[in-house]
Every structure is written in structure tokens, then in C-alpha cells.
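# Overview (structure and organization)
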Amino acid sequence: MADFTNTVDVVGDEALADSIIERTITEFKDDHVLTVGQGAFCHCTALTTVNLPEATKIDGSSFVGCISLASVSIPKAQTISGYCFQNCTSLTFLDFPVLSSLGYNGFNYCTALETLILRNTEQVCQQTSDAFINSKIAKGEGYIYVPSALLDAYKAATNWSTYANQIRAIEDYPDICGQ
């Protein structure tokens, strides 16, 4: 198993665009990264795990085509830009404690994505249209879990109302959401 660890504040645009790294990196963990740049992990097909405990911003197409990516921990992510996780076909579960903005086609073609937990208690996460194209959520087979205090606001919000029947209160599903 190939690991990659560094100590930088930003994983730059297309940082891992070297074909050897794209094929061999399986895990990426770094306690210092604050921003993941445009296309930084683009097509890292062997990447299975990402753990960025301090990152707050994930730029567009950062993980596009990471078909083996199954575990993502970015607990301080506030912004996920467009196409960020497009074609991450192994993702089934995502949990974002403070996410406030989800860009266009953020989870486009994440065909296995069935659980999205948005824990931000301060506001409804802004979402542009088409965030879930060709995912289990888009097909009505997955769920979005949000704080009960924001449940009605999510169900009525632009671009979330499409999924109103699939939006559930975190507190009602401790077996899925923990708590």
C-alpha cells in the first residue's frame, strides 16, 4: 500500500498529476493542509482514503475520477467547489460537520452515494443545481441527513426541495449518523 504524507498548507492545482502517483497512491493524510487545489487528486484511481482534518476548502475537480475512493474525512470543509467528487464511484457515505457551500455537480456520477450527512447547525448548506446527477440520491435510493432544527428549511430550499422526501433528521437516525 502506497501512502503519501506531506506538510504543506495547500495541495496545489493538479499536484498529483504524475501518472505513477495517480496509479499508486492509496491513502492521503495530512494534518496541515488547509486547501485542496483544483484537480489536486484528479484521476488518482488507486486512492481509497483521504483524511484532511484541517482543510476548509476543496476546489473544483479535486477528486474527479478517484474511482476507488471510499473513505473521506474532511471535517472542517466549509466549501466544496464544482465537480469535486465527480465519478468517485466507490463513495457510499459522506459526513460533513460544517459544510456551508456545495458546488455545481459536486457528487456527479457518484453512483454508489447513498448517504450524505450535513451537520452544520447554523445554516442550510447552499447548493447549486445538479449536485447528485446519477447517484443513488438522485435516483431516490439514498438519503440526506440534516439537523432537525433545519429539516423544514432544507426541504423548502432551492435545489434541496427536489430531495425533500429523502431528507431526514440526523437525530432520528442514530444508527446511521452516530449520536
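Scroll up to find the structure.
Small disclaimer: the values here were computed from a predicted structure and weren't measured. (Residues numbered from 1 in each chain as written. Predicted model: local features only at pLDDT ≥ 70, side-chain atom pairs only at ≥ 80, totals over all residues. Heavy atoms only, no water.)

## What about the pattern of salt bridges?
Tallying each qualifying case throughout the model produces 4 salt bridges. Between D59 and K57 there is a salt bridge; the shortest N-O distance is 3.4 Å. For E114, the salt bridge goes to K136, with nearest N and O atoms at 3.7 Å. Residue E114 is found in the loop between β10 (101–102) and β11 (115–118), and its partner K136 is found in the loop between β12 (126–127) and β13 (143–146); the two are separated by 22 residues along the sequence. Classification of E114 as partly exposed rests on a relative accessible area of 32%. Residue classification places K136 among the partly exposed residues on the basis of a relative accessible area of 27%. (Salt bridge = Lys/Arg side-chain N within 4 Å of Asp/Glu carboxyl O. Helix = DSSP H or I, 4+ residues; strand = E, 2+ residues; numbered from the N terminus. Buried < 20%, exposed > 50% of the residue type's maximum accessible area, 1.4 Å probe, protein only.)

## Considerations on the packing of aromatic side chains
For the structure on display, the rule yields 11 aromatic pairs. When the ring of F132 is compared with that of W160, the centres are 6.0 Å apart and the planes differ by 55°; the resulting orientation is tilted. Of this pair, F132 sits in the loop between β12 and β13 while W160 sits in the loop between α2 (151–156) and β14 (167–169), placing them 28 residues apart in sequence. Aromatic pair Y154 and W160: ring centres 5.3 Å apart, planes at 75°, arrangement edge-to-face. A single burial state applies to Y154 and to W160, both of which are buried. Of the aromatic side chains, those joined through ring pairs into one cluster are F28, F41, F63, F85, F107, F132, Y154, W160 and Y163. (Phe/Tyr/Trp six-rings, centres within 6.5 Å; stacked < 30°, edge-to-face > 60°.)

## A closer look at unusual backbone geometry
Positive phi values are uncommon outside glycine, yet Y83 reaches one of about 60°. In this structure, Y83 sits in the loop between β8 (79–80) and β9 (93–96).

## Here we look at the nonpolar core
Of all hydrophobic cores here, the largest spans 47 residues; its most connected members are F63, F85, F107, F132 and W160. Within the residue set of this core, elements represented by two or more residues are β3 (25–29), β9, β11, β13, α2 and β14. If we skip the residues at most four places from it in the chain, F63 touches V36, F41, L47, V50, I58, L69, I74, C84, F85, Q86 and C88. (Core = buried A, V, L, I, M, F, W, Y, C linked by side-chain atoms within 4.5 Å. Contact = heavy atoms within 4.5 Å.)

## Looking at the pairing of β13
Relative to β13, β11 runs parallel, the two sharing 3 bridges. The residue bridging T115 from the neighbouring strand is Y143, located in β13. Strand direction decides the pairing type here: β13 and β14, joined by 3 bridges, are parallel. Paired with I144 across the bridge in β14 is I167. Handedness of the β13-α2-β14 crossover: right-handed. (Pairing = 2+ DSSP bridges. Right-handed = clockwise from strand over helix to strand, strands pointing away.)

## Some thoughts on the sheet that holds β11
One open sheet accounts for 4 strands, arranged β9-β11-β13-β14; its pairing is parallel. Each of the sheet's edge strands pairs with one partner strand only, and the pair in question is β9 and β14. For this sheet, the mean angle separating the axes of adjacent strands, direction not counted, is 20°. (Axes fitted to C-alpha atoms, helices over the stretch in contact; angles between N-to-C directions.)

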